[in-house]
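Analysis of the macromolecular model
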Amino acid sequence: MIYTLMNKEKAVLDLEIEDGIILKILDVWNPEWMPLGMNAKFGPDRKFLNHWWSGRAIPASRSGIRDALEHMNIDTPKELLEKNYGLSLSDQYWICPKNSSVKWKNINFFQNPFTDDVGSALFGGEFNGDFMSPNNTSDGWLKKKWTIIDGKRFLLKSGSGIAQQEPLNEILANMVCERLGISNYTKYSLYNSSRNIFSLCENFITEDTELISASSVMRSKKKKGNASEYQHFIETCKEYGLDVIRDIDDMLVLDFVICNQDRHYNNFGIIRNVNTLQIEKAAPIFDSGTSAFNGIPTIYIKNQTANPSKPFKKYHENQIQYVTDIERYDFKRLKGIGEEFSELLKKSPAIDENRRDKLSVWLSNRTDYIISQNFCRDNLKKIQIKRKSKKYER
Ligand SMILES: Nc1ncnc2c1ncn2[C@@H]1O[C@H](COP(=O)(O)OP(=O)(O)OP(=O)(O)O)[C@@H](O)[C@H]1O
Ligand SMILES: [Mg+2]
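Conventions we followed
- Residues numbered from 1 in each chain as written.
- Chains lettered and ligands numbered in written order.
- Predicted model: local features only at pLDDT ≥ 70, side-chain atom pairs only at ≥ 80, totals over all residues.
- Helix = DSSP H or I, 4+ residues; strand = E, 2+ residues; numbered from the N terminus.
- Rg over C-alpha atoms; globule rule 2.2 N^0.38 Å.
- Buried ≥ 20, exposed ≤ 12 C-beta atoms within 10 Å, placed from the backbone.
- Contact = placed C-beta atoms within 7 Å.
- Expected span 1.5 Å × (residues − 1).
- Near = placed C-beta within 6 Å.
- Nonpolar A, V, L, I, M, F, W, Y, C, P; charged D, E, K, R; others polar.
- Domains from an automatic or database assignment.
- Pairing = 2+ DSSP bridges.
- Axes fitted to C-alpha atoms, helices over the stretch in contact; angles between N-to-C directions.
- Parallel < 35°, antiparallel > 145°, perpendicular 65-115°, else oblique.
- Left-handed = near helix turned anticlockwise from the far one by under 90°.
- Core = buried A, V, L, I, M, F, W, Y, C linked by C-beta atoms within 7 Å.
- pLDDT = per-residue confidence, 0-100.

Before going further, it helps to examine the overall build of the chain. Within the chain one finds 13 helices and 13 strands. The C-alpha atoms of the chain give a radius of gyration of 22 Å, which matches the 21 Å a tight globule of 394 residues would have. Each principal axis of the C-alpha atoms in the chain carries an extent, and together these give about 65 × 55 × 35 Å. Evaluated residue by residue, the chain yields a buried proportion of 38% over its 394 residues. Residue pairs in contact within the chain that sit at least 24 positions apart in sequence constitute 62% of those at least 6 positions apart.

Compared with the 21 Å implied by 1.5 Å per residue over 15 residues, the 21 Å span of helix H6 (residues 166-180) between its first and last C-alpha is a close match. For H6, the buried fraction is high: 12 of the 15 residues fall into the buried class. What H6 keeps buried is the set Glu 166, Pro 167, Leu 168, Asn 169, Glu 170, Ile 171, Leu 172, Ala 173, Asn 174, Val 176, Cys 177 and Arg 179. Positive backbone phi, approximately 75°, marks Gly 181, located one or two places after H6.

Below, the discussion takes up the site of ligand 1. Surveying the vicinity of ligand 1 reveals 21 residues, the closest of which are Ser 90, Asp 139, Gly 140, Leu 142 and Asp 287. Residues belonging to the shell around ligand 1 are distributed by class as follows: eight nonpolar, eight polar and five charged. Three or more residues apiece are contributed to the shell around ligand 1 by two domains, here domain 1 (2-157) and domain 2 (177-383).

As a further point, take the sheet that holds strand E12 (residues 269-273). Pairing is antiparallel in the open sheet, where three strands are placed in the order E11-E12-E13. Each of the sheet's edge strands pairs with one partner strand only, and the pair in question is strand E11 (209-213) and strand E13 (279-282). Taking each pair of neighbouring strands and ignoring which way they run, the sheet shows an average axis angle of 30°. Summarising the sheet, E11 and E12 pair through five bridges and their orientation is antiparallel. Across the sheet, Ser 213 pairs through a bridge with Gly 269, a residue of E12.

Turning to the packing of H6 against helix H9 (residues 245-258), a few remarks are in order. Taken N-terminus to C-terminus, the directions of H6 and H9 make an angle of 120°; their axes are 10 Å apart at the nearest point. One element, H6, and the other, H9, form an angle in the oblique class. Two packed elements cross with a definite hand, and for H6 against H9 that hand is right-handed. Contact with H6, carried on its side by Asn 169, Leu 172, Ala 173, Val 176, Cys 177 and Leu 180, involves Val 253, Leu 254, Val 257 and Ile 258 of H9 and no other residues of that element. When its residues are assigned to classes, the contact of H6 with H9 shows nine nonpolar, one polar and no charged.

Residues Leu 172, Leu 254 and Ile 258 are the most contacted members of the largest nonpolar core, which totals 48 residues. Listed by contribution, the elements that provide at least two residues to this core are H6, E11, helix H7 (214-219), helix H8 (229-239), H9, E12, helix H11 (337-345) and helix H12 (353-372). In terms of residue count, H9 provides more of this core than any other element does, eight residues in total. Discounting residues that sit within four places of it in the chain, Leu 172 has contacts with Ile 258, Ser 291, Ala 292, Phe 341 and Leu 344.

A separate point is the sheet that holds strand E2 (residues 10-18). If you walk across this open sheet you meet the four strands as E3-E2-E1-E6, and the pairing is antiparallel. At either end of the open sheet lies a strand with only one pairing partner, and these are strand E3 (21-28) and strand E6 (93-97). The average angle at which neighbouring strand axes cross in this sheet is 35°, direction not considered. Pairing of strand E1 (residues 2-7) with E2 involves six bridges; the strand directions are antiparallel. If you follow Tyr 3 over to E2, its bridge partner there is Leu 15.

Right, let's talk about the confidence of the model for the chain for a bit. Detail in the predicted coordinates should be disregarded across regions flagged by low pLDDT. Per-residue pLDDT for the chain has a mean of 93; in total, 94% of the residues score no lower than 70. Segment residues 384-394 is flagged for pLDDT under 50; beyond a separation of four residues in sequence, or across chains, it makes 14 contacts in the model.

Taken N-terminus to C-terminus, the directions of H6 and H11 make an angle of 150°; their axes are 10 Å apart at the nearest point. In this view, H6 runs roughly antiparallel relative to H11, as classed from their interaxial angle. For the pair H6 and H11, the sense of crossing is right-handed. Residues Leu 168, Ile 171, Leu 172, Met 175 and Arg 179 of H6 form the contact with H11, whose participating residues are Ile 337, Glu 340, Phe 341, Leu 344 and Leu 345. Among the residues making up the contact of H6 with H11, the classes are represented as eight nonpolar, no polar and two charged.

In this section: the environment of Ile 25. With respect to the helices and strands, the residue Ile 25 is situated in strand E3. It is 6.1 Å that separates the C-alpha atoms of Ile 25 and Asp 14, two residues lying 11 residues apart in sequence.

What follows is the structure, given as structure tokens:
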């Protein structure tokens, strides 16, 4: 079937899609409006475009996806893409069937309502047959769905495993940001159903913007010589006219405090204006749930000298050294956060008293340690790990 790939109201190029695969790129109309980094030197590249297109589908690793697809009578997540024109709530790309009169303003999910049919199926509930949903294109492995509350779009995300800790960790991340004066972050709140606890955050993308992952940013320019991944990201953003050093400082400091293990290159990024193609700002910090021993059995909760990290270094104790202005953070303001975390954990029936106490003591000790180090560039070296200490078994 022939489609025009659109960016909001702009025709980007024509392509042929069969069984979820882009077979051919046909006429190219506005290559500048392609996804960042897709416009190779000799024109749009089909391989890149296929990679990008399949990346729009729900990942096969998504919790509960197999049952949901079966329930909707769908073979693969990719099949869902053509059923909602490929529309998302994280950018403005979509595919318009050739010779169709359908208009972005009438179908986009920022301005038009959508049913909970696909969302419900993804959570193991009923499916009533309406495939027009932004949930067909949502990323990440946790169960999640977009929902409309008072006219605004919110992402509802579940936890995982026995302790279901991710939603609470999002709130912990917010608490740390507040105390340290980090302002560019996504606010999460808790939502309780009868059995589970979820996190809820408002969409930080509007009908005029798109989220571009750090992974796409990094791929959009060739890495220079022996530049580190960190330098490559900072330099690439700079080439697009954006200084992200302070934002990355904030993210690395937050992740260091809460021992985030999952800040991969799709868990941060930048925001581009889709009307002007101007890169506007760093995306607010989001998805900090895989922190504070999330998914790790209670017996392993203890302070460690080497805490696994992503994306620039393997350990936080090394990664923190990329922070350019550590004096900006008043770590003394973290005092008492262990107790506050304990109160927060009480809200979840899935976290028993033992786990709660161990997490609270761990965080108090960790923040005391950070405060006592009186962090500044000169003594950062002191805490650098001299040798890789043994990683605990997960
Ligand atoms: N508030 C938001 N506004 C717009 N887009 C968002 C928002 N929150 C998340 N997203 C998009 O949805 C994707 C999935 O969300 P998120 O990273 O929170 O899920 P996850 O399942 O925890 O991911 P992971 O697989 O990294 O654990 C993000 O990568 C991002 O593209
Ligand atoms: Mg994520």
